[in-house]
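# Topology and contacts: notes
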2 protein chains.
Amino acid sequence: MSSKASDGLNRRLVLGVFAALPALPALFDTSIADAQTAADPLPSWNDRPAKQGIIEFIRATTADPSSATFVPPEERVAEFDQDGTLWVEHPLYTQFVYCLDRVGVLAKEQPALKDREPFKTVLSGDNAAIAKLSDKGLFEIVLTTQSGMSVEAFAADVKTWLATARDPRWKRPYTELIYQPMLEVLRYFRANGYQTFIATGGSGSFVRVYSERVYGIPPQQVSGTEQPAKYGYGKDQMPMLTYEPKLLLDNLGAGKIENFWMTYGRRPNAAFGNSSSDDQQILEYAKAGSGLRLSMLVLHDDEKREYAYGPAQGLPDTKVGTFSQALYDEAKKDGWFVISMKNDWKRIFAFEA
Amino acid sequence: MSSKASDGLNRRLVLGVFAALPALPALFDTSIADAQTAADPLPSWNDRPAKQGIIEFIRATTADPSSATFVPPEERVAEFDQDGTLWVEHPLYTQFVYCLDRVGVLAKEQPALKDREPFKTVLSGDNAAIAKLSDKGLFEIVLTTQSGMSVEAFAADVKTWLATARDPRWKRPYTELIYQPMLEVLRYFRANGYQTFIATGGSGSFVRVYSERVYGIPPQQVSGTEQPAKYGYGKDQMPMLTYEPKLLLDNLGAGKIENFWMTYGRRPNAAFGNSSSDDQQILEYAKAGSGLRLSMLVLHDDEKREYAYGPAQGLPDTKVGTFSQALYDEAKKDGWFVISMKNDWKRIFAFEA
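Chains are numbered independently. Their residues run from 1 in the order of the written sequence. Starting at A for chains and at 1 for ligands, labels are handed out in the order in which the entities are written. In view of the model being predicted, local features appear only for residues whose pLDDT reaches at least 70, and side-chain atom pairs are presented and counted only at 80 or more, with totals across whole chains, interfaces and linings using the full set of residues. Excluded from the side-chain calculations are hydrogens and water; all other atoms, namely the structure's heavy atoms, are used.

### Some details on the sheet that holds strand 1 (residues 77–80) of chain B
Residues and elements named next belong to chain B. Strand pairing requires that DSSP identify at least two bridges connecting the strands. Numbering of helices and strands runs from the N terminus, with a helix taken as a DSSP run of H or I at least four residues long and a strand as a DSSP run of E at least two residues long. Judged by pairing direction, the sheet is parallel, and its six strands sit side by side in the order 3-2-1-6-7-8 without closing on themselves. In this open sheet, the two strands that pair with only one neighbour each are strand 3 (222–225) and strand 8 (337–340). On average, adjacent strands in this sheet sit at an angle of 20 degrees to one another, irrespective of strand direction. The pairing of strand 1 with strand 6 (residues 270–273) spans three bridges and is classified as parallel. Bridging from a neighbouring strand, E79 pairs with A271 of strand 6. Each axis is a line fitted through C-alpha atoms, and for a helix only the stretch in contact is used; angles between axes span 0 to 180 degrees, taken between their N-to-C directions.

Printed below as a string of structure tokens:
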């Protein structure tokens, strides 16, 4: 049979099957889910409570439409923090590394920056001094380096940077430092009809550049801290949007769920995070909804394979990605799962054997 | 054959077909599009340039992957204004009617409102005086009546109101005053792999309550003017989000495309609007992108079947839904389509014979 004839046959077969069934989404969810479940949807996870909790949540909310815990396909929303939850955030958020690198580029265009703090410190190359920059200083660097460009020019610049920048420890592109177990969770949720969203404390505009390619999450399902994109007219009166050095939406802490609601009008059924300063409220709000809910925290307790930080369980606290004892206690009290990277994950990265 | 056995057979057939084909989205787009196109996807449209323009746009961007105008499925984005583009906006935006009705409810809870303008005028029931309220007054009414409630309580209140409120002219629920030709456009775009978005000058929080049921557009694809939803803890320390009487995002004029980009990170391939004050910039920006683009304006020129307003072509200008001569001229110069409700639409509402 020629491939053309085969296509024709397949299409007729499919159309016939479609006509015989009540609704497409239901068909999809079931067939893909069956295929995935049969072959272990989470192969990089050890068979412990966290993995069992995810699988049970998916089963209870998607398998049986007559069940009290069933969630209709159009309402299935799963939210994921990015830094420290989907990929490595130490020793510095990847976006900060990009912004620090851009200070050098900007200084060539605007020499006056060389004598102005915090830019002067960044340009000094003194890593100890850079590490001591205040939050205010880092924030000024982000606003300055991520503005003055059209939205397309910014996206192109991030794309170019990601293609060449390398993480200092693994010597790999940052987009390879994604947690393989979490990629499996994203795919497992989507295969069961969930729409997956990123809600990041970083800039949504940064994450949207690679979210589809790297996580399978389209830009329109990424919310973040946002600088305004100002409308105007450029060369030949072409309409354009240009990022401004201002803060419009702050997506940290309570802001993360406030903006998530404002943007999507949804309370997540499941939420994943790792930080006291960043994820507490959205995980609380997700868990507090009616029906079955899933809130999960990633605990960085694997010094050997990744990093160990956060005061929970006696780990050292750090400036990046805090995980306080109070958050740990709240998680235990409120029935959230705490994912131990050391014990729950068979492997951390796709590039590991 | 029992229905259970039939389901089993169908599932096996479908899985087999899936395995034989390269990618699911491509299959879907083609098969559904074929079925729709064969039977005229836009039956409520007269066969004139506007209808031809829509059909040609869909064909050119979806039919042939090797074509220069083809748009990959994941990038297909179509944006629609709501008031005056998808449903009736005269004599008053539906959301304003809701807010005016809520003033009466609020005055019972907060008697002090009875002596305060603009609430005093609204409570007087003097329609001539109400019609003369300033934009500032209307805006204060919106902020006041749409705040102080949890996000769930607000959604429930809008839902209840929509179920009982009736338009004064057609004596029907407002959600029946949707333009049938535009519903066909929404479905035609979606059947061809486009994601459809609403970008409204009104409150996104209002439209999200009924967007899925009425337009088939999920809440997460509705952007609008937004009041902040503040995070806090209510009874029994339950996490909750409460709308505040403030403006956070202004989705009028340039704000509409600025917020659209910030929220979704996409430039629409196609955009539909009707108002000089509301839609000019997003239609300009959509049209200015690379590849084939579609910008369309709905002109309200059918006094008999709906309303006629806007200075274009000598129609009277009004406060609601302006359509200036300048916008009309820009549309003609820049290759946008102007949809004449009178000439392009065979019927306006689904309830018409």
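Back to the write-up after that little detour.
### A short note on the pairing of strand 5 (residues 239–243) of chain A
Residue and element names in this part refer to chain A. Think of it in three bands: residues with accessible area under 20% of the maximum for their type are buried, residues over 50% are exposed, and the middle band is partly exposed, with areas taken using a 1.4 Å probe on protein chains only. Of the two faces of strand 5, the one holding P239, L241 and Y243 is buried and the one holding M240 and T242 is not buried anywhere. Note: strand 4 (residues 229–233) against strand 5, five bridges, orientation antiparallel. Looking at strand 5, one finds that Y231 is bridged to L241.

### Describing the packing of helix 12 (residues 254–264) of chain B against helix 13 (residues 280–287) of chain B
Residues and elements named next belong to chain B. It is the contact of helix 12 with helix 13, at a shortest axis distance of 5 Å, that shows an interaxial angle of 55 degrees. Considering the angle they form, helix 12 stands oblique to helix 13. When helix 12 is examined against helix 13, the residues A254, K256, I257 and F260 are found in contact with a partner set consisting of Q281, I282 and Y285. Each residue is assigned to one class: nonpolar for Ala, Val, Leu, Ile, Met, Phe, Trp, Tyr, Cys and Pro, charged for Asp, Glu, Lys and Arg, and polar for all the others, Gly among them. Considering only residue class, the contact of helix 12 with helix 13 consists of five nonpolar, one polar and one charged. Orientation categories follow fixed angle ranges, with anything under 35 degrees roughly parallel, anything over 145 roughly antiparallel, 65 to 115 roughly perpendicular, and all other angles oblique. Contact criterion: two residues are considered in contact whenever any of their non-hydrogen atoms come within 4.5 Å of each other.

### Comments concerning the pairing of strand 2 (residues 195–203) of chain B
Every other side chain in a regular strand lies on the same face of the sheet, so the side chains alternate between the two faces. Residue and element names in this part refer to chain B. Counting buried positions along strand 2 yields eight of nine residues, so the element is predominantly enclosed. Where strand 1 meets strand 2, four bridges bridge the pair, whose relative direction is parallel. Bridge pairing in strand 2 links A78 to T196.

### Brief notes about the sheet that holds strand 6 (residues 270–273) of chain A
All names here are of chain A. With parallel pairing, six strands are arranged side by side in an open sheet as 3-2-1-6-7-8. Both outer strands of the open sheet, strand 3 (222–225) and strand 8 (337–340), are each paired with one neighbouring strand and no more. The sheet shows a mean angle of 20 degrees between the axes of neighbouring strands, taken without regard to direction.

Everything listed here is a matter of coordinates, which is why it stays silent on function.
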